[in-house]
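Listed here are the chains, written in short residue letters.
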Amino acid sequence: MKMIHALLWPLLLLSHATAAETDWRKAAREFMAGQDFAPIEIKPGTRFETDRARPRFAWMQRVLMPAFEKHLEKWPQYADAARSFAKQALMIKAGHPDVDHSRPWEVLAQEGTALIRNHVDDPLILWLTAAAVWEFREGTHEARDHLSKASRHRMIRDYPSVLPSYIQAELRDIAIQRYSSQETISRINLALFKELMKSAPDQAVYGPQDDELLYDDLGHAMGGVQSKDCSAELAQLCTTSHFTPWLREMLHGRIQNHIAWDYRGGGYVSTVSEENGRKFEEHQIKARAHFLMAWELHPDRAPAAASMIDIVKCGHGRPEDSLRLWFDRATSAEFDDYSAYENYLWALRPRWGGSLEKMKAFYCACALTERHDTGVAKALRKTLEYLEEDSQDSRSLLSRSPLREVMTASLRSLATSQQVYRLWEHPWRLADLGLMAWKASDYETAYETFQQVPVPFPRQTRRWLSLQANETDVRGQSAVFAFGLNAEWEVAEENYQLGKLDEALQSFQDIASRFQGEPPALLLQRIAACKFEKAFASGQWVPLPATPDLSGWYHRSGFWKGLPTGTLVNTGHDGAAYLLHNGRVGSSFELSGLYQIKNAPGTQGLSIMIGYHSTFNHEDWVGCNQWGHSSSEDAATLLRRAYLSDAPQIRLPANGQVHRFHIICHAGAITYRLDHRDIAVDRRVTDEAGNAFEMREDSVIGFCSQMFRDNSETHIRHLAIRKLDPPAATEKEINAGSLEALRSGFAKDCRDSLRDLNAASLLEAGQLADELRRERKTAEAGKIMAFAGLLKQDTRVQAADMPVPAADEVALSALLRGYHASQAARLLTTQNKWKAKALKLLGSAEQSQVEAFILAELEPNPAPQTEELLAPGNAFKWLPQAGEWTRTADVLTGSGDSTMLYELSRKPPFQIDFDINVLNGNRPRLLMGKVKFANEAGKPTFGLYPQPKGEKLFDYEHSKLYHITLKATTDKTELLIDGSHFCDGPKIESDLNVLQFRAGDWSSKGKTEFHKIRISPLH
């Protein structure tokens, strides 16, 4: 068998150039001629982006530096470093060509962070450091923290409002990249616009000579704001006396075009009403008149001509106008004006009457300029993105001549350019070359390139990858195909897809043996997938370890690793991360495990991906998602991809940083349990449009989150899965046409629901007991197995029959809490289902008996008359969070920075009674949702918070017992001390699921006793 020496391959490739690459220019010209597409010419006297970068930087210095220099007097020892940092960062922001080559964003992130650590917290430093941190590594939270501090800093008042507008612009860019809600982005856009409008008419900021700069800034600010929110202000702004005629015409044109597009909307023409279409035309024609006047005033400026491309694209130009006419006029004024390229490219898309062939010709024309040191580079990348979006088979499109050769040559030029900004972009430009070569089936070039690109790809290139094409696939296929193993690979893949696992395994192993040294990771993953699926088919529990080589997993994005123990670890970098297991599990399986989140805020959670599958340009999955909702509660639900589904959000007591999950799928119906309680039961997920999720038989599971905080660690362990038999044929729905049918149907549903709950809880109890035995906690393990014995009886386990956990037996308490809550929730669901059926019988002859049955069996049970929180039967409802706690049947005692939760289910009206003895410290509290009985005054006082205006505080003494009564009515909360009414506070807004007791906090680590805690109904 011929052995492949991988390291010799690049030398062979470098020894000759392909004819296609040598002749790419000729092929590009011939293709353009066939499409009647003229070259893009660089006219004498034309400007470039860099020509406008110089005055932009000079303006920034003039407008921003005076206040900055004054502030530097506060930090004389750091003045030179701060001044140098600000100058370099502003030059990069402006796109200045004369930046210091040795100080890219990575270096500036370090410099700015060092200044801030030395308390040089000027708003300009904070903004530019945020920009550096974001551009270097997309440090979302660090960047947002800096921007938040900058926007609230008292010194920001010394700057013109352009600085606050730049801060908002940075926040907007982060929000867009982080898939924030449209509401959030719109709010930031409006704030950006409002801030800029404060400085726009100020001649000291934007003088007549700065009219192009002001138009650019206003254009960026207007982009995300609806015309109704800005048109009137802009029209008023146009009356500013020192504005140049060109600026006035451009602004009027922009306003009219903005109004026009608000009428039309961004949908296809079929979605536009006749009236809105007429308004669209009317306002575009008005805009055209202004843009034409602006162009006549300044044909040496690009914005008017670039704007006319949009007008002509929509069919509202003059008879003599054409797209190419105005594109040429724009590029004659400024060769690399990006808005001209983007508007022209958009007009060439099939949706606007263009074609893929015209877009390819445009790409060839851009490449032939060979000015990759200019803004044309951005247009090249955008063209490839649109070609992929608009093509039904993008890989076939990209692999055809001449696009394949032209694309490879232009990407290679970008990767080897010596222009300063391209040098800084070299890692991801090189990765882009390899990725697009792979997409174009140029596997030799892809493999050669990837030899020079470290794992993982840079984030800019990862964005160009969908989840369908992960880095391992790209690198692995490039290596296998570059060495001519296509036929062997296709045979192995066909066997794998057909489920012929033995044959596929042997084929993949044969291919792997052809590589000297370590074979590509893709082959190791396929081998692992075959072995896993063979074990999975047995129906036995199969562990899912994460070995150091992660051969059992597909690495999609983010930073993941496997430990020798089999634990899977994600290290956060302030961004999203995705990882999929490589074995197909289908639609009927059972999955369990636990995860622990370290060094992260309480809001960070995890999504367990199930049913993941992909087709061309589409991927889908359900996320079993958990996140921290508040200091005392977590939230969990089922997501459709990264978006909310029709499943309800469940609130549960915060369980610290460790969460156990148990997922059962029967033919795509999902039961998701977290920390031993139901989140969803037999749920089939639909999206907001009502489209049902299809869990296919080739689907896989995985883990993801849209945000893993910087330096956080998520450890996932004890992963195991087993295949379930497809469910038996669904029984026919019982038709409750009589009282007898109603009774029997309700009873059967209750039995089935309880049987399933007991089975799930029994499995979890066994796993938990095994872990506790390994930790030598035999007493707690014994109690859990005693509870497991009760679960085997397929009857409801009452709270009174549950084992009583000791104060430190938190695992047992969590198990019992989850079972108790799930039992109540399942009963309520069944009651609601059958109550709806019962109501249909109210007009029958059995109406009186049906009414009695509804009242006796189908109405939710009222809350207990009185609940003694410290009674032994309620011991499992307590959940210590922090600090030191002791609990007896009479008193709960906490000390230090301490938090204790009690789970309940109440809604006003109710009453809480207890005796409190504050032994020391000034921060005892009882939190009831957003309402607090607390000491917030910094001295020994009790009150209700948020404190209504005019309400008083009670002065208490240490080591003295006080009787507290809290009456939660439907419109307020009353505080009684020692039986006397003291004050009123805000009402409790929603159902109360958790009480939070605190004996002290970080600022006052006191010690407090809570005696005889009781909750009772309030009549």
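Note that the structure is predicted; figures quoted are calculated from it, not measured. (Residues numbered from 1 in each chain as written. Predicted model: local features only at pLDDT ≥ 70, side-chain atom pairs only at ≥ 80, totals over all residues. Heavy atoms only, no water.)

**Description of the overall build of the protein**
Looking only at helices and strands, the protein features 33 helices and 29 strands. The C-alpha atoms of the protein give 34 Å as radius of gyration, which agrees with the globular expectation for 1019 residues (31 Å, within 12%). Along the three orthogonal principal directions, the C-alpha set of the protein runs to about 90 × 80 × 70 Å. Across the 1019 residues that make up the protein, the buried fraction comes to 55%. Of the contacts made within the protein by residues no fewer than 6 positions apart, 69% connect residues no fewer than 24 positions apart. Accessible surface for the protein amounts to roughly 44300 Å². Of this, 51% is attributable to carbon and sulfur atoms. In the protein, 120 positive and 132 negative side-chain charges are present, and the distance between their average locations comes to 2 Å. (Helix = DSSP H or I, 4+ residues; strand = E, 2+ residues; numbered from the N terminus. Rg over C-alpha atoms; globule rule 2.2 N^0.38 Å. Buried < 20%, exposed > 50% of the residue type's maximum accessible area, 1.4 Å probe, protein only. Contact = heavy atoms within 4.5 Å. Areas by Shrake-Rupley, 256 points an atom, 1.4 Å probe, with all protein chains shown as cover. Lys, Arg positive; Asp, Glu negative; His and termini not counted. Charge placed at Lys NZ, Arg CZ, Asp CG, Glu CD.)

**Here we look at the pairing of strand β26 (residues 973-977)**
Burial analysis of β26 places five of its five residues in the buried class, which makes it a mostly covered element. As judged from the five bridges shared by strand β25 (residues 961-968) and β26, these two strands associate in the antiparallel manner. Bridge pairing in β26 links Leu 966 to Leu 975. The hairpin turn running from β25 into β26, its antiparallel successor, is four residues long. Across five bridges, β26 lies against strand β27 (residues 980-985) in antiparallel orientation. When the bridges of β27 are listed, Thr 973 appears paired with Gly 985. (Pairing = 2+ DSSP bridges.)

**With respect to helix α26 (residues 471-482)**
Given a rise of 1.5 Å per residue, twelve residues ought to cover 16 Å, and the 16 Å separating the end C-alpha atoms of α26 matches this to within 8%. Among the twelve residues of α26, twelve are classified as buried, and the element is accordingly described as predominantly covered. Taken residue by residue, α26 has Glu 471, Thr 472, Asp 473, Val 474, Arg 475, Gly 476, Gln 477, Ser 478, Ala 479, Val 480, Phe 481 and Ala 482 as its buried positions. Two residues or fewer past α26, Gly 484 is found with a positive phi of approximately 75°. (Expected span 1.5 Å × (residues − 1).)

**Things to note about unusual backbone geometry**
With an omega of -5°, the peptide bond running from Val 455 to Pro 456 counts as cis. For Pro 456, the position within the fold is in the loop between α24 (443-450) and α25 (459-462). Cis rather than trans, the peptide bond between Tyr 945 and Pro 946 has omega equal to -5°. For Ala 667, which is not glycine, the phi torsion reads 50° and is therefore positive.

**Observations concerning the side chain of Ser 705**
Along the polypeptide, Ser 705 turns up in strand β15 (residues 700-708). A distance of 3.1 Å separates a polar atom in the side chain of Ser 705 from the backbone nitrogen of Met 707. (Polar contact = N/O pair within 3.5 Å; in protein donor to acceptor, adjacent residues only side chain to side chain.)

**Overview of the nonpolar core**
Among the nonpolar cores identified, the biggest contains 173 residues, and Leu 124 and Trp 127 are the most heavily contacted of them. The dominant element in this core, judged by the number of residues it contributes, is helix α7 (residues 123-137), at ten residues. Sequence-distant contacts of Trp 127, that is, excluding residues within four places in its chain, are made with Leu 64, Leu 90, Lys 93, Leu 147, Ala 150, Leu 163, Tyr 166, Ile 167 and Glu 170. Leu 652, Phe 661, Val 685 and Phe 703 belong to the second largest nonpolar core, which has 42 residues in total. (Core = buried A, V, L, I, M, F, W, Y, C linked by side-chain atoms within 4.5 Å.)

**Things to note about the packing of aromatic side chains**
Tallied over the full model, the rule gives 43 aromatic pairs. Here the aromatic rings of Phe 942 and Tyr 956 are separated by 4.2 Å at their centres, their planes lie at 15°, and the arrangement is stacked. Within this pair, whereas Phe 942 is found in strand β23 (residues 941-945), its partner Tyr 956 is found in the loop between β24 (954-955) and β25, the two being separated by 14 residues in sequence. Relative accessible area serves as the criterion here: at 0%, Phe 942 is assigned to the buried category. An aromatic cluster is built from Trp 878, Tyr 902, Phe 914, Phe 933, Phe 942, Phe 954, Tyr 956, Tyr 962, Phe 982, Phe 997 and Phe 1010, whose rings are joined through pairwise contacts. (Phe/Tyr/Trp six-rings, centres within 6.5 Å; stacked < 30°, edge-to-face > 60°.)

**Considering the pattern of salt bridges**
Counted under the stated rule, the structure contains 74 salt bridges. Here Glu 370 and Arg 25 are joined by a salt bridge, their closest N and O atoms 2.8 Å apart. With Glu 370 in the loop between α18 (356-369) and α19 (376-390) and Arg 25 in helix α3 (residues 24-34), this pair connects stretches of sequence that are 345 residues apart. Since its relative accessible area comes to 37%, Glu 370 is described here as partly exposed. Classification of Arg 25 by relative accessible area gives partly exposed; the value is 31%. In this structure, the salt-bridge partner of Lys 877 is Glu 867, at a minimum N-O distance of 3.1 Å. With Lys 877 in the loop between β17 (867-868) and β18 (878-887) and Glu 867 in strand β17, this pair connects stretches of sequence that are ten residues apart. On the accessibility criterion, Glu 867 (8% relative accessible area) is buried. Salt bridges linked by common partners bring Arg 47, Arg 52, Asp 211, Glu 212, Asp 216, Arg 301 and Glu 334 together as one network. (Salt bridge = Lys/Arg side-chain N within 4 Å of Asp/Glu carboxyl O.)

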